[in-house]
Amino acid sequence: MKGSLIKQHRKFKNLTLEDLASGICSVSYLSKIEHDIISASDDIYRLLGERLNIKLTDINEEFDEQIHNALLEWNYAAQMRDFPLMDELYEKCKTSLEDNQNIELVNLYQIIEVRHIMTKERKPIDEKKLKEIRTTYEGATNEYKFFFHKIVGVHHLFLGELPQALHHFNDTEKLMKKLPIDDGEVYMHLALTYSKSRAYVESTHYAFRALDLYKSTLHYSRMVDSYIIIAINYNSLGALQIAEEYLLKVLRIAKYHLPIHETRRIYHNLGSNYINQEKYDQAYHYLQKAYDIETEETPFKAATIYMLALASFHNREKQLCEEYIHQGEKIAEENNYLKYKHKFYILKYMLNEKTLNEEFIKKLEDIIIPDFRRLNEYKDYKEFTEMLGNLFYEKRMYKKAAMYYKESNNYRDTQKKDLL
């Protein structure tokens, strides 16, 4: 087991066998140590440990079930976003592994620490950590690989890299069957990634699987996540009344079991649903309720403001719509939200009835639509590709109109091509 630890830390530090062995032992001898073919003397372990800055003498290498259980508890605390418990278990596991260098436990600690950091900071894995966990992957246990694919999948989801995220989540599901465990979060990640990719049937399948597990544990927050994904999928498939039914159902759960920020999400999605049903007064009612609940999630805030602007536009309340556009543009600019920069730009031209301007059409065709495809925003891609077709039709440019109508109708093929 010491050999695996030496090899792992040597790779972390980008050392060759020759670099590490120099002045301590022969390269062939070190290779045998790393493959656990031979055990070296305490002196050699001490010298190797000093060069790698790790302890290799007088260490406990036994697999400790208590430490293993604490690591799994730490991971579950991260799933629940219980920050005080996460910090407590982080310190507990860190202290326990100062005296225990079992390679399986050390590796598991390393991957869960990455999950801990991602959960608290809500951002992708930094390059150094990503390299470390990839280095550890070779020869690791299936349990480590399960956590690896799950966490790296979330990393790609943060970056909006849906094909890569889906690849890792599919590997996570395969490993889950081997272990065997049944983790609702895996199904939730698959549901979310498929939904973002507009593969609504697959997404709904996994959302219901997640929902079944969360119901059995009364995990209300994740039950809501599942219901919202299901509702969004039905909404996107045009089954608007079914989507509305699920959202109203989950609103009843929120009333008794959820913090206010969760209720905000439900209000927002109900507002979106009613816009799609062209019930603009009801849409405005729920969107305003969402808007009145403050949130630190600025992308979510930008989305709510955009929907309020859209509801105002459809209700022919020009001044109110302008106010929301101005507010939304400011947030989008401050945070560099390209998606919302584009959406508020389009809505402003619609409000001022200037969508036939050459400047607008050129930007829509050359910049905005390609950006939506690049960002995997397929719903917007379809909507504004169809809009461009309509604009070319109005300008009697029928060949170009037909081209964009065809692309709009084929957007599902486009997204699956990109996804695969």
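In the block above lies the structure referred to throughout.
What comes next is a walk through the structure. These figures come from a predicted structure and were not determined experimentally.

The subject of this paragraph is empty space enclosed by the protein. Tallying each qualifying case throughout the model produces one cavity of 30 Å³ or more. By volume, the largest cavity amounts to about 30 Å³. Taken together, E104, N107, L108, T141, E143 and Y144 form the lining of the largest cavity. Going through the elements one at a time, α7 (103-121) and α9 (142-158) are the ones with two or more residues in the lining of the largest cavity. Here the lining of the largest cavity gets three residues from one element, more than from any other, and that element is α7. In the lining of the largest cavity, the residues fall into two nonpolar, two polar and two charged.

Attention now moves to the packing of helix α11 (residues 184-196) against helix α12 (residues 200-217). A pair of packed helices is captured by two measures, namely the crossing angle of their axes and the spacing between those axes. Where α11 meets α12, the axes come as close as 8 Å, and the angle between the chain directions of the two elements is 155 degrees. Classified by the angle between their axes, α11 and α12 sit roughly antiparallel to one another. Note that α11 runs across α12; the crossing there is left-handed. Residues G184, E185, Y187, M188, L190, A191, Y194 and S195 of α11 form the contact with α12, whose own contacting residues are Y200, E202, S203, Y206, A207, R209, A210, L213 and Y214. Among the residues making up the contact of α11 with α12, the classes are represented as 11 nonpolar, three polar and three charged.

Looking now at the nonpolar core. By size, the foremost hydrophobic cluster in this structure holds 110 residues, and its most contacted members are L71, I111, I133, F360 and L364. Per element, the largest residue contribution to this core is nine residues, and it comes from helix α17 (residues 298-314). Apart from residues no more than four positions distant in its own chain, L364 is found in contact with I346, I369, P370, F384, M387, L388 and L391. Counting 16 residues, the second largest nonpolar core, distinct from the first, contains L20, A40, L48 and I54.

Rules and cut-offs
Residues numbered from 1 in each chain as written. Predicted model: local features only at pLDDT ≥ 70, side-chain atom pairs only at ≥ 80, totals over all residues. Heavy atoms only, no water. 1 Å grid on protein atoms, 1.4 Å probe; cavity = no way out; pocket = protein on both sides within 12 Å on 5 of 7 lines; lining within 4 Å. Points joined across faces, edges and corners; volume = space filled by probe spheres on them. Helix = DSSP H or I, 4+ residues; strand = E, 2+ residues; numbered from the N terminus. Nonpolar A, V, L, I, M, F, W, Y, C, P; charged D, E, K, R; others polar. Axes fitted to C-alpha atoms, helices over the stretch in contact; angles between N-to-C directions. Parallel < 35°, antiparallel > 145°, perpendicular 65-115°, else oblique. Left-handed = near helix turned anticlockwise from the far one by under 90°. Contact = heavy atoms within 4.5 Å. Core = buried A, V, L, I, M, F, W, Y, C linked by side-chain atoms within 4.5 Å. Buried < 20%, exposed > 50% of the residue type's maximum accessible area, 1.4 Å probe, protein only.

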